[in-house]
Each structure stands twice: as structure tokens, then as C-alpha cells.
Amino acid sequence: MAAGTIRFWAAAKAAAGTAEEPYAADTLAEALDAVRERHPGELTRVLQRCSFLIDGDPVGTRDHGTVRLAEGGTVEVLPPFAGG
């Protein structure tokens, strides 16, 4: 199982109540399931509209279960925002 950092931005940061937290997961789907478990409520709703970057690369429309996470990697959680 890989360990790394999830960084929350804008509305995701507000809903999570933190700018970042660690992950321990093999895939993006596993990491997001753990995030939803730790932060039920508003963050779960916000995540439905977010885009994700894995170590700087966009996930796009790929199935989150197929997106592998690296040891020491970074997941950026980017909600839509005005002007961006």
C-alpha cells in the first residue's frame, strides 16, 4: 500500500477542514473512499464535482479504480472555481 499526501483546494479545503492529509492506498478510488469515510457530509458532495491531479498529471475521465498511487505521491483535489 502506497503512502502519500492528499491536498485539498478551495471548496474541498473548506469542506475537509484541512489543507492536506496523508493517504495510504493503492488507487485513487481507495484514497477517496477513505477521505469520504473521514469527512462525511459536505466534502462527499464537493468531491463529486472535483478534478484530480496525481503527481501533477490530470486524471481526467479515467476510472479512479485504475489510477495507481505512488509511494510518496501527491493527490491534488481541485473543485471547479470561477475564473479558472
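Throughout this document, residue positions are counted from 1 along each chain, in the order its sequence is written. This being a predicted model, a pLDDT of at least 70 is required before a residue's local features are given, and a value of 80 or more before pairs of side-chain atoms are given or counted; all residues contribute to the totals for chains, interfaces and linings. Heavy atoms from the whole structure form the basis of all side-chain values; hydrogens and water molecules are not counted.

The protein chain goes by MoaD/ThiS family protein in an unreviewed UniProt entry, where it is assigned to Streptomyces cremeus.

**Let's talk about the nonpolar core**
The cut-off we apply is this: Remark: nonpolar core denotes a set of buried residues (Ala, Val, Leu, Ile, Met, Phe, Trp, Tyr, Cys) joined through side-chain atoms within 4.5 Å. Burial classes: relative accessible area under 20% of the type maximum marks a residue as buried, over 50% as exposed, and values in between as partly exposed (1.4 Å probe, protein chains only). Only DSSP runs of H or I reaching four residues or more are called helices, and only runs of E reaching two or more are called strands; each is numbered from the N terminus. It only takes one pair of heavy atoms within 4.5 Å for two residues to be counted as in contact.
Core analysis: the biggest nonpolar cluster contains 22 residues, and Leu28 and Val77 have the highest contact counts within it. Residue assignment for this core shows that the elements contributing at least two residues are strand S1 (2–8), helix H1 (10–16), strand S2 (20–25), helix H2 (28–38), helix H3 (42–47), strand S3 (51–54) and strand S5 (74–78). Here this core gets four residues from one element, more than from any other, and that element is H2. When neighbours within four sequence positions are excluded, Leu28 is seen to be in contact with Phe52, Ile54, Val59, His64, Val67, Leu69 and Val75.

**Some points on the pattern of salt bridges**
Selection criterion: We count a salt bridge whenever a side-chain nitrogen from Lys or Arg sits within 4 Å of a carboxyl oxygen from Asp or Glu.
Across all of its chains, the model carries five salt bridges by this definition. The partner of Glu21 in a salt bridge is Arg38, and the shortest N-O contact between them spans 2.5 Å. Placement of the pair is Glu21 in strand S2 and Arg38 in helix H2, with a sequence separation of 17 residues. By relative accessible area, Glu21 is classed as buried at 11%. By relative accessible area, Arg38 is classed as partly exposed at 42%. Where Arg36 meets Asp33, a salt bridge forms, and the shortest distance between an N and an O atom there is 3.2 Å. With Arg36 and Asp33 both in helix H2 and three residues apart, this pair spans about one turn of that helix. For Arg36, a relative accessible area of 29% corresponds to the partly exposed category. Look at the salt bridges and you will find they share partners, linking Arg7, Glu20 and Glu76 into a network.

**Topic: the pairing of S3**
Which entries qualify depends on this criterion: For two strands to be treated as a pair, DSSP must find at least two bridges joining them.
Along S3, the buried face is formed by Phe52 and Ile54; none of Ser51 and Leu53, which line the opposite face, is buried. As defined by bridge partners, S3 adjoins strand S4 (residues 57–58) across two bridges and the pair is classed as antiparallel. If you follow Leu53 over to S4, its bridge partner there is Pro58.

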